[in-house]
Amino acid sequence: MGRPPNLYAFSDADVAPNLRKYVLDQQTEALKRHNVFRVALSGGSLPKTLAKALLSPPSSPSSDDNDPKPDFSKWEIFYADERCVPLDHADSNHALLRSELLDKIPPNLPQPKVHPIDEQYLDDPQEMADQYEKLLVSVFAARDSVKLPLFDLILLGCGPDGHTCSLFPDHPLLRETDAWVLSIADSPKPPAKRITLSLPVVLHAAKIGFVATGEGKKGILKKIFETEEGGRLPCGLVNEGAGEKIGDAGSYPRY
Ligand SMILES: O=C1O[C@H](COP(=O)(O)O)[C@@H](O)[C@H](O)[C@H]1O
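Residues numbered from 1 in each chain as written. Predicted model: local features only at pLDDT ≥ 70, side-chain atom pairs only at ≥ 80, totals over all residues. Heavy atoms only, no water.

Caption draft 1: How the structure looks around the site of the ligand. If you check the shell around the ligand, you find 15 residues, and the closest are G43, S45, D81, K189 and K217. Side-chain polar atom of D81 to an oxygen atom of the ligand: 2.6 Å apart, as the coordinates give it. In the model, an oxygen atom of the ligand is placed 2.9 Å from a nitrogen or oxygen of the H163 side chain. For the ligand, the protein covers 93% of the area, taking 400 Å² as the surface of the free molecule. Grouping the constituent residues of the shell around the ligand by class yields two nonpolar, eight polar and five charged. (Near = heavy atom within 4 Å. Polar contact = N/O pair within 3.5 Å; in protein donor to acceptor, adjacent residues only side chain to side chain. Areas by Shrake-Rupley, 256 points an atom, 1.4 Å probe, with all protein chains shown as cover. Nonpolar A, V, L, I, M, F, W, Y, C, P; charged D, E, K, R; others polar.)

Caption draft 2: Representation of the pattern of salt bridges within the structure. Enumeration over the complete set of coordinates arrives at ten salt bridges. A salt bridge links R194 to D81; the shortest N-O distance between them is 3.8 Å. Remark: D81 occurs in strand β3 (residues 81-83) and R194 occurs in strand β7 (residues 194-197); sequence separation between them is 113 residues. The residues R194 and D81 share a single accessibility class, namely buried. The residue K104 makes a salt bridge to E100 at a minimum N-O spacing of 3.8 Å. (Salt bridge = Lys/Arg side-chain N within 4 Å of Asp/Glu carboxyl O. Helix = DSSP H or I, 4+ residues; strand = E, 2+ residues; numbered from the N terminus. Buried < 20%, exposed > 50% of the residue type's maximum accessible area, 1.4 Å probe, protein only.)

Caption draft 3: Main features of unusual backbone geometry. Between P190 and the following residue, P191, the backbone shows a cis peptide bond with an omega angle of -5°. Residue position: P191 is located in the loop between β6 (181-184) and β7.

Caption draft 4: Summary view of helix α2 (residues 46-55). Along α2, seven of the ten residues are buried, which leaves the element largely enclosed by surrounding structure. Of all the residues in α2, the buried ones are L46, P47, T49, L50, A51, A53 and L54.

Caption draft 5: Broad picture of the packing of helix α1 (residues 12-34) against α2. Look at α1 against α2: their axes get within 8 Å of each other, and the N-to-C directions meet at 80°. On the basis of the axis angle, α1 is roughly perpendicular to α2. Across the interface between the two elements, V15, A16, L19, R20, V23 and L24 from α1 touch T49, L50, K52, A53 and L54 from α2. Tallied by class, the residues present in the contact of α1 with α2 amount to eight nonpolar, one polar and two charged. (Axes fitted to C-alpha atoms, helices over the stretch in contact; angles between N-to-C directions. Parallel < 35°, antiparallel > 145°, perpendicular 65-115°, else oblique. Contact = heavy atoms within 4.5 Å.)

Caption draft 6: Region of the structure containing the side chain of S198. On the secondary structure map, S198 appears in the loop between β7 and α5 (199-204). For S198, the side chain forms a polar contact with the main-chain oxygen of A179, separated by 2.8 Å.

Caption draft 7: Quick peek at the sheet that holds strand β4 (residues 113-114). Taken in spatial order, the five strands line up as β4-β2-β1-β5-β8 in an open sheet, and their pairing is parallel. Two strands lie at the open edges of the sheet, namely β4 and β8 (208-210), each paired on one side alone. Bridge count between strand β2 (residues 75-79) and β4: two bridges; the pairing is parallel. Counterpart to E76 in the pairing with β4 is K113. (Pairing = 2+ DSSP bridges.)

Caption draft 8: Spotlight on the nonpolar core. Counting 64 residues, the largest nonpolar core has V23, L136, F151, I154, L155 and L197 as its most contacted members. Discounting residues that sit within four places of it in the chain, L136 has contacts with F78, A141, P149, F151, W180, V181 and L197. By size, the runner-up hydrophobic cluster in this structure holds five residues, among which are C158, I220, I224 and C235. (Core = buried A, V, L, I, M, F, W, Y, C linked by side-chain atoms within 4.5 Å.)

Caption draft 9: Structural view of the side chain of T164. Inspection of the secondary structure puts T164 in the loop between β5 (153-156) and β6. A distance of 2.7 Å separates a polar side-chain atom of T164 from the backbone oxygen of G157.

Caption draft 10: Focus on the packing of α2 against helix α3 (residues 93-100). Where α2 contacts α3, the axes come no closer than 9 Å and their chain directions differ by 30°. Comparing the axis directions of α2 and α3 gives the class roughly parallel. Here α2 runs over α3; the crossing is right-handed. Between α2 and α3, the contacting residues are P47, K48, A51 and L55 on the first element and L96, L97 and E100 on the second. (Left-handed = near helix turned anticlockwise from the far one by under 90°.)

Shown next, in the form of structure tokens:
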């Protein structure tokens, strides 16, 4: 059985204010460190939950005007995984983030810098992955001097089979030790062609937050946290490998 992670459970109404606090705490840390907040986001259910957290004012009785606010001018957004489809396709994680969050940031506010995939490589997932890795190299410094890119925060989802990013249970991609960005052409969840951050890149992030919402996630979470088998699923491997970087023991209620 895996080591217990920092795990918090909230009622539906409390997810957004707590996620907001968690993300903005990481923003504060990152801006202190290097005046930029580099975050990798997942698709699936995350963009909607994140939008609710960031776009609505905090509802906790203890919040006040001094509470941190998103400073999108300092955000650089990357994708933890992406499907090899056009950027306006219904399956695109970028399209989802755009419709749920990016398009709703008031136009009078500074906008984040967003790094979507390059659509010219849609038919060739390996080339798509190589190009996205090159983009990361250009942002996080030359590959020679940086062993792994250091995201300030990676926000992950947890699929009902225990997958995270586009790292699926028992898939050979889980054994990758070198590349930063991987391609997959046989994703068990459609669409088949995708790119994904590798496990070592995910584990290297300064902070990693899983956001799993809804009744439907109960069974898989129980498996991940309470069984040997669950510990070997991609979400379980992230929990095991990332240790205290998962969540933040701070002031968040314990599960
Ligand atoms: O296919 C994907 O699924 C996972 C999990 O999605 P969810 O809807 O169960 O939250 C998501 O994190 C990933 O980015 C996406 O490509």
